[in-house]
Amino acid sequence: MKKIKYKPLKISSKYGILRIVIAILATFFILNFLINFGILSRYYSTILVFICVFIIMATSLNIATGFLGQLVLGHAGFMAIGAYTAALTAIALKEIITNDLLLFVISALAAVVTTAIAGLLVGTPALRLRGDYLGIMTLGFGEIVKVIITNLHITGGAQGLTGIPRIMTFPIAFWTTVIIVAIIYLFMNSRHGRAILSIREDEIASESVGINITKYKIIGFVLASLFGGVGGAMYAFQIGYLAPATFGFIKSVEIFVIVVLGGMGSLSGAIMAAIFLTYLPEALREFEKYRLLLYSILLITTMLFRPQGLMGTKEFSLTKALNKVIRSFVYVYNKFVSFFNKLFQKESEY
Amino acid sequence: MNVLEVENLSIMFGGLKAVDNFNIVVKKGELVGLIGPNGAGKTTIFNLLTGVYVPNEGSIKLNNVNIINVKPSQIVMLGSSRTFQNIRLFKNMTVLDNIKVAYHNEMDYGIFASIFKTKKFKDEEERANRVALELLRVFSLEAFSDEIAKNLPYGKQRKLEIARALATNSKLLLLDEPAAGMNPQETKELMETIRLIKDQFKVSILLIEHDMKLVMGICERIVVIDYGKIIAKGTPEEIRKNKNVIKAYLGE
């Protein structure tokens, strides 16, 4: 038997965008078909919407934490602002606007405006802080938002906000997610995105080549918060009931964990981790008693063996993934061959 | 024409006068060396010139524009850029992207253009790619354009940093110890590169360096400082013989 040599596979990137579009369309039609024909139950379609929400939350946090390199521990605060703004707008308008999609778009835009303002308010003082200090400041912000919502009348206080129209459907959630991830991706691959990345890499050097650090830090913060607001809006319309306690520190950490697990600065990593970490607690429902334990063990082991996260700072590439599969196949095959060769050699010696 | 005019520049750190009454003029296309023993205040002067520190006294004019109290990023747009003593590259970005970040202000398209991938966006990005690759070719780094910057060998990282400073399209380059940590062969190569960029890009260069062979070899004028004060000025020949300089470097 002969050993084979590993040759990396090359796929031309000529129709790269087309391939991605086809993949997205295929995913959508398959999932939508399964939901429409009742193969996936309502329970699963709800999980799918939550996956979309957490993909948006994770990719938006990734702008501030992964790309800009700032530790933000209060992302649930933006989610809350977005959720409440969208819910209140929708409650006010639900008699006038009967079209679900239009109602969602209008309330989501309202959420974008308020969260962008909130992002600006947090981002501006945050320019003076870095690292752990910024983390603690944003953590404080998240708690302040929660306390304010608890003490306002209009938000229903600690009892929560009811009567939110449950207008979220899988197609709306899916396409909103696709649009937001595409916007973030395109933004990061422009001169503005490069400027943001350069701040993460080296602030002093970035300034020394003429990047306006103040401007780009604020842009980064505002983008992260306003997309987070859209995620919150989707959450509100799916669940139909909002309580301030939902948006506590734990929620911020959950989102942060997704980003870290997926790889700081990788959109595809954040998407994979969001799917995985949203589905995991559901899949572990059968082991109710050990659920949190398993969840933690999984996190610890992932961080031990892959501290840079699933994808590191890289993006998923089909070519690379296929090459990895081929290479590992070739490796295993060659080991197998050499093992057999040795075996036969020994036999012939006797 | 003078690219840089510095008059009576002083800065205090607490009770210490780190730079005391510093004067320098750099003419267009000139290569000036700034030398001095360790701790003399050379890098402090660079930090003053690039806006990192604000001086207590004195004036700095870049292309006849006063740059005191101007932000570092804006000083770059006014036409001066620098490299660092300890290399500061964007380590996890590709070599090409390192250059393209520096080309940021030369490009002109907004955030919406990048999201909608307008024609302007594509044209500008293409132009940036072309300029960046040309620049890499000058430094014979074009083969590494897709390499992650931190994977480059040390000498090439130094070169990339100079290339990045040039990509800002500035007319004055401030090089902070470009030959630090290089072997003699690399230093020789660097000398060639510095000469080349001076002629090809028509830039003026102010250079801090400890490697006397390099300084004496390429600088047209040299300024020597010690304890924040200028102790000698002149051509390399004059500096070599200057008593004050010998005293500062070797003691009495």
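Residues numbered from 1 in each chain as written. Chains lettered and ligands numbered in written order. Predicted model: local features only at pLDDT ≥ 70, side-chain atom pairs only at ≥ 80, totals over all residues.

1. Topic: the overall build of chain A
As a reminder of what qualifies: A run of DSSP states H or I qualifies as a helix once it reaches four residues; a run of E qualifies as a strand once it reaches two. Both are numbered from the N-terminal end. Counting other C-beta atoms within 10 Å of a residue's C-beta gives its exposure: the residue is buried at 20 or more, exposed at 12 or fewer, and partly exposed in between, where C-beta atoms are placed from the backbone. Here the contact rule is simple: place C-beta atoms from the backbone, and any two residues whose C-beta atoms are within 7 Å are in contact.
Within chain A, the regular secondary structure consists of 13 helices and zero strands. Each helix (α) and strand (β) of chain A, taken in turn from the N terminus, gives the series α-α-α-α-α-α-α-α-α-α-α-α-α. Oriented by its inertia axes, the alpha-carbon framework of chain A measures out at about 90 × 60 × 45 Å. Relative to its full complement of 350 residues, chain A shows a buried share of 42%. Counting contacts in chain A only where the partners sit at least 6 residues apart, residues at least 24 apart contribute 82% of the total.

2. Here's the deal with the packing of helix H5 (residues 119-138) of chain B against helix H6 (residues 154-167) of chain B
All names here are of chain B. Spelled out, the test is: Every axis in this analysis is a line fitted to C-alpha atoms, fitted for helices over the stretch in contact. Angles between the N-to-C directions lie between 0 and 180 degrees. In these notes the angle categories are as follows: under 35 degrees is roughly parallel, over 145 is roughly antiparallel, 65 to 115 is roughly perpendicular, and the rest is oblique. Crossing handedness follows the turn of the near helix against the far one: under a right angle anticlockwise gives a left-handed crossing, and clockwise gives a right-handed one. Side-chain classes are defined by residue name, with Ala, Val, Leu, Ile, Met, Phe, Trp, Tyr, Cys and Pro counting as nonpolar, Asp, Glu, Lys and Arg as charged, and the others, Gly among them, as polar.
Where H5 meets H6, the axes come as close as 10 Å, and the angle between the chain directions of the two elements is 140°. Comparing their axes, H6 and H5 come out oblique. The crossing of H5 and H6 is right-handed. Between H5, through Ala132, Leu135 and Leu136, and H6, the contact on the second element is made entirely by Ala163, Leu166 and Ala167. Here the contact of H5 with H6 is composed, by residue class, of six nonpolar, no polar and no charged.

3. Some details on helix H2 (residues 42-67) of chain A
Residues and elements named next belong to chain A. Going by this rule: A helix is expected to reach a length of 1.5 Å times the quantity of its residues less one.
Over its 26 residues, H2 extends 36 Å from the first C-alpha to the last, a length consistent with the 38 Å expected when each residue adds 1.5 Å. Burial analysis of H2 places 20 of its 26 residues in the buried class, which makes it a mostly covered element. Once H2 finishes, Gly69 follows within two positions and takes phi at roughly 80°, a positive value.

4. Focus: unusual backbone geometry
Only a minority of non-glycine residues have a phi that is not negative, and only a minority of peptide bonds are not trans. All names here are of chain B. Phi is positive for Glu177, which is not a glycine, with a value near 45°. Note that Glu177 resides in the loop between strand E7 (172-176) and helix H7 (184-201). The backbone of Lys202 shows a phi angle near 55°, a positive value even though the residue is not glycine. Looking at Lys202, the number of C-beta atoms within 10 Å reads 10, which means it is exposed.

5. Let's talk about the packing of H2 of chain A against helix H10 (residues 249-262) of chain A
All names here are of chain A. H10 packs onto H2 with a crossing angle of 70° between their chain directions and a minimal axis gap of 9 Å. In this view, H2 runs roughly perpendicular relative to H10, as classed from their interaxial angle. Residues Phe54, Met57, Ala58, Leu61, Asn62, Thr65 and Gly66 of H2 form the contact with H10, whose participating residues are Ile255, Phe256, Ile258, Val259 and Gly262. Residues that form the contact of H2 with H10 fall into these classes: eight nonpolar, four polar and no charged.

6. With respect to the sheet that holds strand E5 (residues 65-66) of chain B
Residues and elements named next belong to chain B. What counts here: In short, DSSP must find at least two bridges between two strands for them to pair.
Taken together, four strands build an open sheet; the order of strands is E2-E1-E4-E5 and the sheet is antiparallel. Edge strands, defined here as strands with exactly one partner in the open sheet, are strand E2 (16-27) and E5. Summarising the sheet, strand E1 (residues 2-13) and E2 pair through eight bridges and their orientation is antiparallel. Directly across from Leu9, in E2, lies its bridge partner Phe22. Strands in contact with helix H1 (residues 42-49) are E1, E2 and strand E4 (57-62); relative to E2, the strand with the most contacts, it is inclined by about 65°.

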